[in-house]
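Fold and geometry: a report
If you want the building blocks of each chain, they are given just below.
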Amino acid sequence: IGLPKKKEEFVFFVIKDKDLFKANLPRLKISTTGDVQRAKQAIDQARKKNPGCLIPLPFLNIAFSQQGLNALNITDDIGDVAFSNGQFNDAHNLGDEGITDADGKFHPRWESAFTGRIDGVLLAAGESWKTVNYVVKAAVDTLGRSIQVVYSLKGSVRPGEEKGHEHFGWEDGISNPAVEGVVTPLPGQRPIPPGVILLGIERDPVATRPPWAVEGSFLVFRQLSQLVPEFHDFLDNNPIVLPGLDPKHGSELLGARLVGRWKSGAPIQLAPLFDDPELAKDKQRNNRFVFPQEQGEAGQTECPYAAHIRKTNPRNDLDPTDVDNNDPKNPTTGLSITRAGIPYGPEVTYGEKHEKITEHERGLAFVSYQSALQVAPEDIPRNSKGFRFMQRLWCNNVNFPPNKGFPEGEGPGFDPIVGQLGGAKRATLGTNSGPQLTLPRDFVVSRGGEYFFSPSLHALKTTFVGVTP
Ligand code: N7H
């Protein structure tokens with residue numbers, strides 16, 4: 001359900017001593033959904049008395065890659081090919097930048113830690129660095145010499161007015177699906193059965209899972225670097241020209257059309273020409289919209305087909321009878337992810353703003369949870385679900401959303417925020433009549449990541465410590 005966090009550190013590790021790890025693991029204080037719900041209530045109550053106060057709330061989670069499962073001698077097949085092969089071997093399929101060598105092997109241009117072995121990740125979160133540092137130290141001390149830390153990434157909610165906004169400046173974390181029985185859906189929020197996020201229960205697309213995998217979840221981690229000055233420069237140089245719009249407003253409108261929301265979070269489907277900060281703040285209205293279903297330009301007058309939020313949650317654009325969706329009431333149900341990322345890296349400096357060139361790496365520590373990444377052995381994209389499906393079949397697919405009256409190959413175009421073509425120029429915001437917009441480069445560049453499995457507490461107390469359940 002998302003941690004109420006201000007700071008978070010991702011600590012990636014390799015297991016050095018399996019038996020010692022199993023002996024130490026039970027002493028880690030992993031946070032439960034109940035803990036998080038109680039923490040959210042405690043925050044609400046404390047804020048009623050003292051608005052703006054921060055109460056110390058330490059959170060910890062742990063997840064394992066396939067290599068981590070191997071290191072622990074957990075040998076049952078979890079039933080997910082992409083997870084078992086690891087994200088490194090999926091980089092080319094995801095459209096990440098890199099080079100193919102003479103032997104045909106693809107080498108992504110990734111942060112070097114992600115090109116080597118990573119067995120697991122500790123996710124430590126809290127309201128301050130003091131709390132997070134304490135959680136990290138306690139966890140690493142507890143696991144002791146059973147692990148070796150190979151990489152860590154610190155994420156932080158942005159300061160001041162930018163709180164809640166990612167580095168390009170957009171309010172984030174507005175639209176996530178509501179897991180039935182855990183969260184009461186707000187208007188426009190997709191209710192999804194828990195099995196879309198958790199393995200081994202109804203709506204998990206894989207029929208049988210090993211018992212220890214039940215109620216765990218696949219955790220996708222991606223270090224997505226954002227070229228913020230370059231992106232803003234692109235917007236400044238390409239304002240939408242309309243009578244009555246000054247260039248600044250025209251650039252803001254272009255940004256809003258690329259994302260599908262204004263920086264405030266107001267959806268352009270409801271606020272097509274001018275930002276509406278009141279709408280942005282109103283949780284009863286800011287997600288309550290569907291997309292018009294006319295063909296051609298009429299269907300994208302307000303929100304372009306290729307806008308990031310339309311590509312990643314096409315709402316009523318999907319055909320309910322499509323076999324992949326198989327839920328006539330809510331076609332995107334089976335393809336939903338829960339996002340739980342956080343910005344990392346420093347604020348843009350004066351020098352970077354002035355030069356319009358990134359000097360310090362910053363971006364989004366992207367995290368998503370889902371019950372499947374790839375549900376069949378063959379590498380056919382349709383068998384991907386969750387993050388992998390979204391990235392490959394929606395964001396990177398110029399023809400998505402389908403049936404909008406475009407000639408084949410000249411569809412809505414790439415997702416302008418995260419659609420990837422190995423770093424090459426990409427076309428987006430396709431129109432049936434006029435030219436498309438060409439993005440000169442990716443403004444979000446993958447620096448790598450890994451596919452992890454986040455076990456249930458029950459599994460952590462049994463199979464993962466070598467105790468028969
Ligand atoms: Fe996206 N951005 O700042 O432009 N995203 N995203 N995302 N994203 C969303 O609704 C962003 C990424 C989804 O239900 C918003 O919370 C950036 C990946 C989904 O309407 C904004 C990066 C994937 C949604 C951004 C990034 C997704 C969503 C609107 C990378 C999956 C919900 C705020 C650096 C492949 C759509 C909100 C819905 C929303 C941005 C990555 C998926 C502002 C900068 C890799 C499903």
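Remember, predicted model here, so these are calculated numbers, not experimental data.

Helix and strand counts for the protein come out as 13 helices and 15 strands. Taken against the 2.2 N^0.38 rule, which gives 23 Å for 469 residues, the C-alpha radius of gyration of the protein at 22 Å falls within 12% of a compact globule. For the protein, the spread of C-alpha atoms along the three principal axes comes to 70 × 55 × 45 Å. Here the protein holds 469 residues, and the buried ones make up 53% of them. Sequence separation of at least 24 residues holds for 68% of the intrachain contacts in the protein that already meet a minimum separation of 6. Computed over 52 positive and 56 negative side-chain charges, the separation of the two mean positions in the protein equals 6 Å.

Attention shifts here to the state of the cysteines. With the rule as written, the count across this model stands at zero disulfides. No disulfide involves Cys-303; its sulfur sits 14 Å from that of Cys-395, the nearest cysteine.

A separate point is the site of the ligand. Surrounding the ligand, one finds 27 residues, the nearest of these being Ile-174, Ser-175, His-308, Asn-313 and Arg-339. Put simply, the parts of the chain that give the shell around the ligand at least two residues each are β9 (217-226), α10 (308-312), β12 (363-370) and α12 (386-395). Looking at side-chain class alone, the shell around the ligand contains 13 nonpolar, seven polar and seven charged residues.

With that settled, the discussion passes to the coordination of the iron atom of the ligand. Protein coordination of the iron atom of the ligand is limited to a single donor, His-308 (NE2), which sits 2.1 Å from the metal. Mapping His-308 onto the fold places it in helix α10.

A few words now on helix α6 (residues 129-143). The first and last C-alpha atoms of α6 sit 21 Å apart over 15 residues, in line with the 21 Å expected at 1.5 Å per residue. Regarding α6, the residues found buried are Thr-131, Val-132, Val-135, Val-136, Ala-139, Thr-142 and Leu-143. Taken around the axis of α6, the buried residues stretch over an arc of 135°, which confines them to a single face. In this structure, α6 carries Lys-130, Tyr-134 and Lys-137 as exposed residues pointing more than 90 degrees from its buried face.

On to unusual backbone geometry. In this model, Phe-400 is joined to Pro-401 through a cis peptide bond whose omega is -5°. With respect to the helices, strands and loops of the structure, Pro-401 is situated in the loop between α12 and β13 (426-428). Although it is not a glycine, Glu-215 adopts a positive phi angle of roughly 70°.

Our next topic: the environment of Tyr-305. Examined against the element boundaries, Tyr-305 turns out to sit in the loop between α9 (277-281) and α10. The exposure class of Tyr-305 is buried, given its relative accessible area of 0%. Discounting residues that sit within four places of it in the chain, Tyr-305 has contacts with Glu-294, Gln-295, Gly-296, Gly-299, Gln-300, Arg-310, Lys-311, Pro-401, Lys-404, Phe-406 and Pro-412. Polar side-chain contacts of Tyr-305 include one of 3.5 Å to the backbone oxygen of Glu-294.

A few words on helix α7 (residues 228-237). Within α7 the residues assigned to the buried category are Val-228, Pro-229, Glu-230, Phe-231, Phe-234 and Leu-235. Buried residues along α7 sit against β9, α8 (247-259), α11 (350-355) and β14 (437-439).

Conventions adopted
Residues numbered from 1 in each chain as written. Predicted model: local features only at pLDDT ≥ 70, side-chain atom pairs only at ≥ 80, totals over all residues. Heavy atoms only, no water. Helix = DSSP H or I, 4+ residues; strand = E, 2+ residues; numbered from the N terminus. Rg over C-alpha atoms; globule rule 2.2 N^0.38 Å. Buried < 20%, exposed > 50% of the residue type's maximum accessible area, 1.4 Å probe, protein only. Contact = heavy atoms within 4.5 Å. Lys, Arg positive; Asp, Glu negative; His and termini not counted. Charge placed at Lys NZ, Arg CZ, Asp CG, Glu CD. Disulfide = S-S within 2.5 Å. Near = heavy atom within 4 Å. Nonpolar A, V, L, I, M, F, W, Y, C, P; charged D, E, K, R; others polar. Donors = N, O, S within 2.8 Å, 3.2 Å for Na, K, Ca; no water. Expected span 1.5 Å × (residues − 1). Arc of directions from axis to C-beta. Polar contact = N/O pair within 3.5 Å; in protein donor to acceptor, adjacent residues only side chain to side chain.

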